[in-house]
Amino acid sequence: MRRILEGSRAVAEFVALCRPKVVCAYPITPQTHIVEDLARMLADGRLDAGYVLADSEFTAASVVLGASATGARAYTATSSQGLLLMTEVMFNIAGMRLPVVMTVANRAVSAPINIWNDQQDSMSLRDCGWIQMYAEDVQEAGDMHIQAFEIAERLNIPVMVCMDGYILTHATETVDVPGPEQVDSYLPPFEPRFYLTPDDPITLGSMAGPDAYMEIRMLLHQAMQKASQAIVDSAARFAGEFGRFRGDLVEGYRDSDAEVLLVSMGSLLGTMKEVVDELRDEGHPVGIIKVRTVRPFPRNQLHEALHNARVVGVVEKDISLGLEGILCSEIRSAFCGASLTPNISSFVVGLGGRDVRKRDIRKIALGLLSDDTCRVEMTGVDHEVLWSAHQIED
Amino acid sequence: MSNEQVESRLMAYGHTACAGCGEALAARTVLEAAGRNVILTNATGCLEVFTTRFPRSSWQVPWIHSLFENAASVASGIEVALKALGRDTGTKVIAQAGDGGTADIGMGALSGMLERGHDILYVCYDTEVYSNTGYQRSGLTPLNALTTTSPTGKMSWGNATRKKDLPAIVAAHGAVYIATASAGYPVDIQRKIKKALSFTGPKYVQIHSPCVSGWGVESHLTVRMAQAAVNSGLYPLFEMEDGEIVRVRKIKRDDLVPVDEYLRPQKRFAHLYRYPGGDEHVKQIQAVADANIERYGLLG
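Note that the structure is a prediction, hence the values are computed from the model and not measured. What you see as residue numbers is a count from 1 along each chain, following the sequence as written. Naming scheme: in the order in which they are written, chains are lettered from A and ligands are numbered from 1. Selection of residues for local features in this predicted model requires a pLDDT of at least 70, selection of side-chain atom pairs for listing and counting requires 80 or more, and totals for whole chains, interfaces and linings are taken over all residues.

**Structural notes on the overall build of chain B**
Test applied: The way it works is that DSSP assigns letters per residue, a run of H or I at least four long becomes a helix, a run of E at least two long becomes a strand, and they are numbered from the N terminus. In this setup the radius of gyration rests on C-alpha atoms only. A globule is expected at 2.2 Å times the number of residues raised to 0.38. Neighbour counting defines burial: a residue surrounded by 20 or more other C-beta atoms within 10 Å of its own C-beta is buried, one with 12 or fewer is exposed, and intermediate counts give partly exposed, using backbone-placed C-beta atoms.
Along the backbone of chain B there are 13 helices and ten strands. Against the 2.2 N^0.38 benchmark of 19 Å for 300 residues, chain B shows a C-alpha radius of gyration of 19 Å, consistent with a compact globule. For the C-alpha atoms alone, the extent of chain B along its principal axes is close to 65 × 40 × 40 Å. Taking all 300 residues of chain B together, the buried fraction comes to 55%.

Here it is in structure tokens:
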């Protein structure tokens, strides 16, 4: 049914349709309405699950870990400082191969303290062993949650659904919310491969020394590599059921004959597509490559999508301080050893909720058309503010 | 011991604990009392390391270790999941951690578990030191004890603070049952575990568990050391229900010993008997014991 919903409320609807058995979250900012809505559904009897009010995000992650290990479909949500506080548990959940699903409503991290959107939080946790998917709009975010549970439980790898805080979580959009029968048919009840029960005792989380640790990590790495195909398959099956396919790890937009390709992820894509349409009307050969999955990293698909371009500009809302945008570095790795490599530049935009306007994207694209030198830039910086901040620092 | 007895142990022998480990003795006793219908969580620490070196495990019951500070949170997730899945048919959830994993780094998680009212028994094996990582001081290290982070020297008599009163903190949360116990009295541990598990709601049992290597005592002295702690008044054994003390293990007049009896055999207190002025610090410890005797009415 098509409904007009705020992003986080839409996600709550989709999560409830997945029938999680345990929901646990720490309630305050940087939390969203997702967990408040789930609590209300429980109070109204629309959702049948255990709901734990955690004393911190660290506990929230630990509770879903315990619930998942007991064989329950488990869900949590957080972002920003909350995600960083969870870091130790995030690695642990992945290492124990527990199929937890969480929403990350992407937001900036402190200092300076700032509650607004960028993607520094989840990008900083890209190595923790979770599948990471980035949604472009609310519909995709909702659909991704249904697919996320299916993928997580099939592969025993946890999945993080990343959606831009505020820009998606607090934006009201028309969303097609599927019926429960449809979701039940796509996503049957969770049947764990292993779980804690006195009927068949297992030991989980044992200590592995130098004699076995590396092999166990290698198995996780291999499972993650194999996940690429599973993600696409899952989306294809989803399309069969729901009539919507947005499952390729990498998606092109007006990219076939483009000399300049802009690469990005998340909600920036919407703005970028508008700018590219305008630039195309003006005769500029500019296109877009959207990265939907950061882990597993679609290296081959990106190489395929980008290798014919002369220039690539990676536009992202995160930075590896002292280097460049994180996604940009990873895209460079797709061309390691290639004889012909496009000139790849990094553009860091929109940190801490700074608006990314059409004219910022236009400036980046036109800049790359006129000067293809590889560079690292922060676009959209206010030089007056920069000057006064510098004075205070001195 | 017969083969049958060995095989029926829920925490199997063959683990890698030190000879004379008080925590191994206490944990085995806890599990024998709890029985098979349990799910255990375990904080990082000696108990986890010496029982589960991959690919072996001592645990004949479902057991999970996640991290150092979250044994109580993981247990909360298990308890809620069992209920949500309709599998809460008498299965007891027990969280286990050492003193550091409970009183220091795991304090927030424990507080949350207690406050939310989960039906979980939390067992703290109190070795009074971070045993697993090289004997550093924890919030339950006693006054004047030498540890690697409270060393003795010209300016120091060891740990300068008293043990955190954890049972009182747990009681303030409204835990339905609280007990202190001692590896020196395994039958008492069993009784208290069984009693704890007869209550619904959050329960807490803190077991004094000598760490032979951390305390610097001979491995055959584990039980004797634990008993001396109890019989000097340094480790009062009591039970609380709904915040009130309901039972205390009395020290018979003939069994009462001065704290010297407990302190002297331990290297962590050797400085008190080696350097001038040490007797004043022994007196401080005796004062702690005397205050316990008074507070809990231990003599009888």
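**A short note on the overall build of chain A**
Condition: Residue pairs qualify as contacts under a 7 Å threshold applied to their C-beta atoms, which are placed from the backbone.
The helix and strand inventory of chain A stands at 13 helices and 16 strands. For a compact globule of 394 residues, the expected C-alpha radius of gyration is about 21 Å, and chain A comes in at 21 Å, within 12% of that figure. When contacts within chain A are restricted to residue pairs at least 6 apart in sequence, long-range pairs at least 24 apart make up 78% of them.

**Here's the deal with the domain arrangement of chain A**
Residue and element names in this part refer to chain A. The following threshold applies: Domain start and stop points were drawn from an automatic or database domain assignment. Throughout, the ten residues Ala, Val, Leu, Ile, Met, Phe, Trp, Tyr, Cys and Pro are labelled nonpolar, Asp, Glu, Lys and Arg are labelled charged, and all others, Gly among them, are labelled polar.
We note that the domain assignment places domain 1 (2-242) and domain 2 (250-393) within chain A. A separation of 28 Å is found between the C-alpha centroids of domain 1 and domain 2. With 27 residues of domain 1 at the contact, the number on the domain 2 side is 21 residues. At the level of elements, α5 (120-124), β6 (131-134), β7 (159-164) and α8 (213-242) are the ones that each hand at least two residues to the side of domain 1 that touches domain 2. With five residues, α8 is the single largest residue contributor to the side of domain 1 that touches domain 2. Here the side of domain 1 that touches domain 2 is composed, by residue class, of 14 nonpolar, eight polar and five charged.

**Considering the sheet that holds strand β3 (residues 92-98) of chain B**
Counted only if it meets this: DSSP bridges decide pairing: two strands pair if at least two such bridges lie between them. Axis geometry follows a simple rule: fit a line to the C-alpha atoms, using only the stretch in contact for helices, then measure angles between N-to-C directions, giving values from 0 to 180 degrees.
Taken together, the nine strands give an open sheet; going across it, the order is β9(A)-β2(B)-β1(B)-β3(B)-β4(B)-β8(B)-β7(B)-β9(B)-β10(B), and neighbouring strands pair in mixed fashion. Looking at the sheet topology across the chains shown, the edges are occupied by β9 (203-204) of chain A together with β10 (244-248) of chain B. Where strand β1 (residues 38-42) of chain B meets β3 of chain B, five bridges bridge the pair, whose relative direction is parallel. Residue pairing in the sheet places Val-38 of chain B in a bridge with Lys-92 of chain B of β3 of chain B. Packing against the sheet, helix α8 (residues 186-197) of chain B makes contact with β3, β4 (120-126), β7 (177-182), β8 (203-208) and β9 (238-241) of chain B, and its axis sits at approximately 165 degrees to β7 of chain B.

**Some details on helix α12 (residues 358-370) of chain A**
Here is the rule: The span one expects for a helix is its residue count, reduced by one, times 1.5 Å.
Compared with an ideal rise of 1.5 Å per residue, which puts 13 residues at 18 Å, α12 of chain A spans 18 Å between its outermost C-alpha atoms and is within 8% of the ideal. Residues of α12 of chain A that are buried sit in contact with β11 (260-264), α9 (268-281), β12 (286-291), β14 (311-316) and β15 (343-348) of chain A.

**Description of unusual backbone geometry**
Peptide bonds are trans in most cases, and residues, glycine excluded, mostly fall at negative phi. Residues and elements named next belong to chain A. With an omega of 5 degrees, the peptide bond running from Ser-110 to Ala-111 counts as cis. Cis geometry is found at the peptide bond from Ala-111 to Pro-112, where omega equals -5 degrees. Mapped onto the elements of the fold, Pro-112 is located in the loop between β5 (101-106) and α5. In this structure, Arg-19 is a non-glycine residue whose phi angle is positive, near 50 degrees.

**As for the sheet that holds strand β16 (residues 376-378) of chain A**
All names here are of chain A. As summarised here, the arrangement of the six strands in space is β10-β12-β11-β14-β15-β16, forming an open sheet in which the pairing is mixed. Since the sheet does not close on itself, it has two edges, and those belong to β10 (250-253) and β16, each with one partner. On average, each strand axis in the sheet is inclined to that of its neighbour by 20 degrees, with strand direction left out of account. Of the pairings in the sheet, the one linking β14 to β15 comprises six bridges and is parallel in character. In the strand pairing of β15, Glu-316 is matched with Val-348. Along the sheet, helix α11 (residues 326-333) makes contact with β11, β12, β14 and β15, crossing β14 at roughly 145 degrees.

**Considering the packing of helix α6 (residues 138-155) of chain A against α8 of chain A**
All names here are of chain A. Basically, it comes down to this: The scheme is simple: roughly parallel for angles under 35 degrees, roughly antiparallel for over 145, roughly perpendicular for 65 to 115, oblique for anything else. Note on convention: the crossing is left-handed when the near helix lies turned anticlockwise from the far helix by less than a right angle, right-handed when the turn is clockwise.
Where α6 contacts α8, the two axes come as close as 10 Å, and the packing angle between them is 135 degrees. On the basis of their axis angle, the class for α6 and α8 is oblique. In terms of crossing hand, the pair formed by α6 and α8 is right-handed. In this structure, α6 contributes Asp-143, Ile-146, Gln-147, Glu-150, Ile-151, Arg-154 and Leu-155 to the contact, and α8 contributes Ala-223, Ala-227, Ala-230, Ile-231, Ser-234, Ala-235 and Phe-238. Here the residues of the contact of α6 with α8 are counted per class, giving nine nonpolar, two polar and three charged.

**Remarks on the nonpolar core**
Most often, soluble globular proteins keep nonpolar side chains buried together rather than apart. Put simply, the test is: By definition, a nonpolar core groups buried Ala, Val, Leu, Ile, Met, Phe, Trp, Tyr and Cys residues that connect through C-beta atoms lying within 7 Å of each other.
Residues Val-22, Val-64, Val-159, Val-161 and Leu-261 of chain A together with Tyr-122 of chain B are the most contacted members of the largest nonpolar core, which totals 215 residues. Every residue in contact with Val-159 of chain A, bar those within four places of it in the chain, is listed here: Val-101, Trp-130, Ile-131, Met-133, Ala-148, Ile-151 and Ala-152 of chain A.

**What to know about the interface of chain A and chain B**
Taken together, the contact pairs 38 residues of chain A with 39 residues of chain B. The residue makeup of the side of chain A that touches chain B, split by class, is 22 nonpolar, 13 polar and three charged. For β9 of chain A and strand β2 (residues 63-65) of chain B, the ladder comprises two bridges, and the chain directions are parallel. Looking at β2 of chain B, one finds that Leu-204 of chain A is bridged to Ile-64 of chain B.

**Looking at the environment of Ile-78 of chain B**
Relative to the elements of secondary structure, Ile-78 of chain B occurs in helix α4 (residues 71-84). Considered as a pair, Ile-78 of chain B and Tyr-122 of chain B are 44 residues apart in the sequence and their alpha carbons are 13 Å apart.

**So, the packing of α9 of chain A against α12 of chain A**
Residues and elements named next belong to chain A. Look at α9 against α12: their axes get within 9 Å of each other, and the N-to-C directions meet at 55 degrees. As summarised for this structure, α9 and α12 are arranged oblique, according to the angle between their axes. The handedness of the crossing between α9 and α12 is right-handed. Residues Thr-271, Met-272, Glu-274, Val-275 and Leu-279 of α9 touch α12, and the partners they reach there are Lys-358, Ile-361, Arg-362 and Ala-365. When grouped by side-chain class, the residues that make up the contact of α9 with α12 number five nonpolar, one polar and three charged.

**Regarding α4 of chain B**
Here α4 of chain B is 14 residues long and its end C-alpha atoms lie 20 Å apart, about the 20 Å a rise of 1.5 Å per residue gives. With 13 of 14 residues buried, α4 of chain B is to be regarded as a mostly interior element.

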